[in-house]
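Here's the letter readout for the chains.
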Amino acid sequence: MIHPVLVIYAGGTIGMQQTGQGYAPVSGLEQQLRQRLGSDAPEFDWHEITPLIDSAAAQPADWLRLARLIKQHWYDYAGFVILHGTDTLAYTASALSFLLGAVDKPVVLTGAQIPLSRPRSDALLNVSNSLALAAAGQLHEVSICFHDRVLRGNRSRKLHSQAMAAFDSPACQPLLQLGIAPDWQVTSNLPPADLRFQPQPLPDQLDAQAVAMLMLYPGIQRSACDWLLEQPRLRGLVVLSYGAGNPPTAEDGPLPCLAELVRRDVMVVNVSQCLTGGVEQGSYATGAEFNRIGVLAAADMTPEAAFSKLHWLLAAGYTPSQCRQLWQVAVAGEASLPAWVS
């Protein structure tokens, strides 16, 4: 028997209770939700992660744990809803889009800015919308459903710490806008699953020390980067650069360190600090320095997507040449790059 939806409760604000040290994740959310949703909600089964995860403490290993759970139950359900903390929800959504690859049913992540147990909580609406989306089965990718909008998971960012509309996908139109009469017409869908990239089986592990992130800033010195050369397990680096992908080029700046990392076969990728527009590496002479030393451009990928894509590529068993090739195509709709064609 195929059940409509599997709800995976991973943790987060949505189910938290007030403690002496502030909000903390606790069990017991399932009963509260079932009572509040009522009998008109789509049928769902429940799986609670143990122990629950505060998303600020999430690790790449947690992405792999969720991916394995979804794959284990893939043929038992028509869709999946993951209840997750908002702080790193965009990282998890991005990672799942790469780990799961081409999917033919909805995988929807949501959460809340205010716990379900508190007044004015946004939890019930977000869960209700996510359940309806997962049960409808019309969206075949990993998405984020939050505050009446559905966003591509690997194009999304948390942009507001206080507003109910906490998430947006600045470089990609929302997939769906949910109004009084929900319109399930997908405005920016991926190709059918059988025409998309099919990844290798899930990796055995994701090494939390394999990928790092470096934000460039005015006056950054090489000494602020040299610690990267002392990380024996480092295999990938996301560099957050200025504007269209430009680094500072002073002799005592970060470029010599980045060049040495590339020489050591570390995949160094260039993501713009701007919310929209992305990287056009080499449109300025400073950006051309990245081309010279072998840094890879990330187009309009988000930092979350670039970080998780690197983790996936480096753990999946691809050769360095294959990793660089796959970086240049949108395997899961993660950037305005040529899409994967089988």
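Preceding this section is the structure that the text describes.
Read on for a plain summary of the structure.

About the criteria used
Residues numbered from 1 in each chain as written. Predicted model: local features only at pLDDT ≥ 70, side-chain atom pairs only at ≥ 80, totals over all residues. Heavy atoms only, no water. Helix = DSSP H or I, 4+ residues; strand = E, 2+ residues; numbered from the N terminus. Buried < 20%, exposed > 50% of the residue type's maximum accessible area, 1.4 Å probe, protein only. Expected span 1.5 Å × (residues − 1). Core = buried A, V, L, I, M, F, W, Y, C linked by side-chain atoms within 4.5 Å. Contact = heavy atoms within 4.5 Å. Phe/Tyr/Trp six-rings, centres within 6.5 Å; stacked < 30°, edge-to-face > 60°. Lys NZ or Arg CZ within 6 Å of the ring centre and 35° of its normal. Pairing = 2+ DSSP bridges. Axes fitted to C-alpha atoms, helices over the stretch in contact; angles between N-to-C directions. Salt bridge = Lys/Arg side-chain N within 4 Å of Asp/Glu carboxyl O. Parallel < 35°, antiparallel > 145°, perpendicular 65-115°, else oblique. Nonpolar A, V, L, I, M, F, W, Y, C, P; charged D, E, K, R; others polar. Right-handed = clockwise from strand over helix to strand, strands pointing away. Disulfide = S-S within 2.5 Å.

**Brief notes about unusual backbone geometry**
Residues other than glycine predominantly adopt negative phi, and peptide bonds predominantly adopt the trans conformation. Cis geometry is adopted by the peptide bond preceding P51, which originates at T50 and carries an omega value of -5 degrees. Mapping P51 onto the fold places it in the loop between strand 4 (44-48) and helix 2 (60-72). One non-glycine residue, D265, lies in positive phi territory at about 70 degrees. Mapped onto the secondary structure, D265 falls in the loop between helix 5 (255-263) and strand 14 (267-272). A residue is classified by how much of its surface remains accessible, and D265, at 64% relative accessible area, is exposed. One non-glycine residue, A299, adopts positive backbone phi at about 50 degrees. Inspection of the secondary structure puts A299 in the loop between strand 15 (296-297) and helix 7 (303-315). Assessed through its relative accessible area of 15%, A299 is described here as buried.

**Overview of helix 7**
Taking 1.5 Å as the rise per residue, helix 7 with 13 residues should run 18 Å; its terminal C-alpha atoms sit 18 Å apart, in good agreement. Of all the residues in helix 7, the buried ones are P303, E304, A305, A306, F307, S308, K309, L310, H311, W312, L313 and L314. One or two positions beyond helix 7, positive phi appears at G317, with a value near 90 degrees.

**Things to note about the nonpolar core**
With 61 residues, the main nonpolar core has I70, I82, L96, W312 and W327 as its most contacted residues. Beyond its immediate sequence surroundings of up to four residues, W312 is in contact with F98, L99, F197, P199, Y318 and V331. Listed in part, the 26 residues of the second largest apolar core include L83, V108, V127 and L139.

**Some thoughts on the packing of aromatic side chains**
Think of a pair of aromatic rings as described by two things: how far the centres are apart, and how the planes are tilted against each other in angle. Enumeration according to the criterion identifies 10 aromatic pairs in this entry. With a centroid separation of 6.3 Å and 85 degrees between ring planes, the pair formed by W63 and F307 is classed as edge-to-face. Placement of the pair is W63 in helix 2 and F307 in helix 7, with a sequence separation of 244 residues. The burial state of W63 is the same as that of F307; both residues are buried. Stacked on the ring of W74, the Lys or Arg K105 has its end atom at 4.9 Å from the ring centre. One Lys or Arg, K309, reaches over the ring of W327 and ends 5.2 Å from the middle of that ring.

**Notes on the sheet that holds strand 15**
Taking strand neighbours across the sheet as the criterion, the 4 strands line up as 12-13-14-15 in an open arrangement whose pairing is parallel. The sheet terminates laterally at strand 12 (211-215) and strand 15, the two strands that pair on one side only. Two strands pair when backbone bridges link them, and strand 13 (residues 236-241) and strand 14 are joined in this way by 6 bridges, in the parallel orientation. Counted as the bridge partner of V238 is V269 from strand 14. Its contacts with the sheet place helix 8 (residues 320-327) against strand 14 and strand 15, and it is angled at close to 15 degrees to strand 14.

**Here's the deal with the pattern of salt bridges**
Any two side chains of opposite charge can pair if their charged atoms end up close together. All told, the structure shown has 12 salt bridges when counted by the stated rule. Residues E304 and R157 are paired through a salt bridge, measuring 2.9 Å at the closest nitrogen-oxygen approach. With E304 in helix 7 and R157 in strand 9 (residues 157-158), the pair connects residues that are 147 residues apart, well separated along the chain. Assessed through its relative accessible area of 6%, E304 is described here as buried. Residue R263 pairs with E260 through a salt bridge whose shortest N-O separation is 2.7 Å. Note that R263 and E260 are positioned in helix 5 at a spacing of 3 residues, about one turn of the helix. Classification of R263 as exposed rests on a relative accessible area of 59%. What makes E260 buried here is its relative accessible area of 18%. Bridged by salt links that share partners, the residues E260, R263 and R264 form one connected network.

**Re the packing of helix 1 (residues 29-37) against helix 4 (residues 123-136)**
Axis separation between helix 1 and helix 4 bottoms out at 11 Å; the angle between their running directions is 80 degrees. Relative to helix 4, the element helix 1 is oriented roughly perpendicular. Counting all contacts with helix 1, which are made through L33, R36 and L37, the residues of helix 4 involved are L124, V127, S128 and L131. Here the residues of the contact of helix 1 with helix 4 are counted per class, giving 5 nonpolar, 1 polar and 1 charged.

**With respect to the pairing of strand 14**
Among the 6 residues of strand 14, 6 are classified as buried, and the element is accordingly described as predominantly covered. Along strand 14, one buried face is formed by M267, V269 and V271 and the opposite face, lined by V268, N270 and S272, is buried too. In terms of strand pairing, strand 14 meets strand 15 through 2 bridges, oriented parallel. Across the sheet, the residue bridging to N270 is A297, located in strand 15. What joins strand 14 to strand 15 is helix 6 (residues 285-293), and the crossover it makes is right-handed.

**Notes on the state of the cysteines**
Applying the stated rule across the entire model yields 0 disulfides. Here C257 is not disulfide-linked; the sulfur of C225 is the nearest cysteine sulfur, at 5.1 Å.

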